[in-house]
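# Observations on chain architecture
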Amino acid sequence: ASLSPAEFDVGMYYLREGPPAGLASRRLYDEDVFPVCAPQYLAGRRLEPADLPGETLLMLEDGQRQWMSWQTWLAHNGLADARPPHKLVANQYPILLQLAIEGQGIALGWRHMIDRCLQEGLLVRACEASASLGGGYYAVWPQDRAEAAAARTFRNWLAQQSAESQ
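Structure report, in brief.

Quick notes on the rules
- Residue positions are given per chain, counted from 1 along the sequence in the order it is written.
- With pLDDT at 70 or above as the cut-off, local features in this predicted model cover only qualifying residues; side-chain atom pairs require 80 or more to be listed or tallied, and sums for whole chains, interfaces and linings still use all residues.
- In computing side-chain properties, one takes all heavy atoms of the structure into account and sets aside hydrogens as well as water.
- Helix numbering and strand numbering both begin at the N terminus, where a helix is a DSSP run of H or I of at least 4 residues and a strand a DSSP run of E of at least 2.
- When checking whether two residues touch, look at their non-hydrogen atoms; a contact exists if any pair is within 4.5 Å.
- Using protein atoms alone on a 1 Å grid, points that fit a 1.4 Å probe yet trap it form a cavity, whereas open point sets bounded by protein on both sides within 12 Å along at least five of seven lines form a pocket; residues with an atom within 4 Å of a point count as lining.
- Grid points are joined across faces, edges and corners, and a volume is the space filled by probe spheres set on the points.
- We call Asp, Glu, Lys and Arg charged. Ala, Val, Leu, Ile, Met, Phe, Trp, Tyr, Cys and Pro are nonpolar, and the rest, Gly among them, are polar.
- By this definition, two strands are paired if DSSP reports at least two bridges between them.
- Helix axes use the C-alpha atoms of the stretch in contact, all axes being lines fitted to C-alpha atoms, and the angles between their N-to-C directions lie in the range 0 to 180 degrees.
- Each residue is assigned to one of three classes by its accessible area relative to the maximum for its type, calculated with a 1.4 Å probe on protein chains only: buried under 20%, partly exposed between the two thresholds, exposed over 50%.
- Working definition: rings of Phe, Tyr and Trp (its six-membered ring) pair if their centres are within 6.5 Å, and the pair is stacked with planes under 30 degrees apart, edge-to-face with planes over 60 apart, and tilted otherwise.
- In our convention, an over-ring charge means Lys NZ or Arg CZ found within 6 Å of a ring centre and within 35 degrees of that ring's normal.

## Examining the environment of V36
With respect to the secondary-structure elements, V36 resides in strand β3 (residues 33-37). Between the C-alpha atoms of V36 and Q104, which are 68 residues apart in sequence, the distance is 11 Å. When near neighbours in sequence (up to four residues on either side) are disregarded, V36 contacts A100, G105, I106, A107, L108, G109, I114, L118, L123, V124, R125 and A126.

This is the structure:
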């Protein structure tokens with residue numbers, strides 16, 4: 001993603017490496033990606049990674065390259081040659097989550113992004129395995145600009161929230 005320091009005071013971005021030139025950053029959360037589905041989808045089953053290619057997998061279309069794909073997740077869990085025959089493809093992550101909540105299949109869930117759905121019981125982990133590309137969620141801000149008090153307060157609040165959830 002192209003981030004211009006002139007466009008914001010503080011932001012929260014997913015980055016695989018450090019921030020682009022001109023931005024300072026603080027890592028808030030590590031990436032943790034795992035399969036999720038509605039409780040009723042599992043119907044009492046416990047899945048292993050090797051079971052997942054036989055299920056209906058909810059996928060983001062290829063244009064969303066920054067996001068981990070099912071193919072990458074499966075490869076990270078020893079299933080590089082898997083070719084899931086049953087899939088539903090959408091171009092927006094909220095649509096995939098809604099399909100998962102409605103019991104239509106299994107989606108990849110990013111910890112911290114879906115915590116509320118897990119806490120409320122709308123989604124459950126489909127298996128215990130997870131994967132990461134080494135990225136994380138960062139607070140970023142312009143390096144060479146005087147920082148507004150509101151931006152600093154917000155950034156400190158983000159850091160406090162991330163520390164409390166670890």
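Still more to cover.
## Quick word on unusual backbone geometry
One non-glycine residue with positive phi stands out, namely A43, at about 50°. Even without glycine at this site, H112 takes up a positive phi of about 80°. Within the secondary structure layout, H112 lies in the loop between β6 (106-110) and α4 (115-119).

## Observations concerning the layout of surface pockets
For the second largest pocket, the calculated volume is near 310 Å³. The wall of the second largest pocket is formed by 14 residues, among which Y13, Y14, L15, R16 and Q66 lie closest to the centre. By residue number, the principal contributor to the lining of the second largest pocket is strand β1 (residues 11-15), which donates three residues. When the residues that make up the lining of the second largest pocket are grouped by side-chain class, the tally is nine nonpolar, two polar and three charged.

## Regarding the sheet that holds β6
Here five strands make up an open sheet; going across it, the order is β5-β4-β6-β3-β7 and the pairing mixed. In the strand order of this sheet, the two ends are held by β5 (87-90) and β7 (124-125), each with one partner. Two elements, strand β4 (residues 57-60) and β5, share four bridges in a ladder whose sense is parallel. Each residue of the ladder has a partner; that of M59, found in β5, is V89. This element, helix α3 (residues 93-101), spans β3, β4, β5 and β6 of the sheet and lies at about 170° to β4.

## Side note on empty space enclosed by the protein
This structure, assessed with the given rule, holds one cavity of 30 Å³ or more. In this structure, the largest cavity occupies an estimated 70 Å³ of space. In terms of residue class, the lining of the largest cavity is built from five nonpolar, no polar and three charged.

## Let's talk about the sheet that holds strand β2 (residues 23-30)
Judged by pairing direction, the sheet is antiparallel, and its three strands sit side by side in the order β1-β8-β2 without closing on themselves. The sheet is open, and its two edges are formed by β1 and β2, each paired on a single side. Averaged over all pairs of adjacent strands, the angle between their axes in this sheet comes to 35°, without regard to strand direction. Along the sheet, helix α5 (residues 149-165) contacts β1, β2 and β8 (136-142); its crossing angle with β2, the most-contacted strand, is approximately 25°.

## Focus: the environment of D30
By the secondary structure assignment, D30 is in strand β2. You can call D30 partly exposed: its relative accessible area is 48%. When the C-alpha atoms of D30 and F154 are compared, they prove to be 20 Å apart, with 124 residues separating the residues in sequence. Here D30 is in contact with H112, G135, G136 and Y137, once residues within four sequence places are set aside.

## With respect to the packing of aromatic side chains
When we look at a pair of aromatic rings, we describe it by the centre distance and by the angle of the planes. This structure, assessed with the given rule, holds five aromatic pairs. Relative to W73, the ring of W70 has its centre 5.8 Å away and its plane inclined at 70°; by these criteria the two rings are edge-to-face. Separated by three residues within a single helix, W70 and W73 lie in helix α2 (residues 70-76), roughly one turn from each other. This pair shows no difference in class: W70 is buried, exactly as W73 is. One Lys or Arg, R155, reaches over the ring of W141 and ends 3.8 Å from the middle of that ring.

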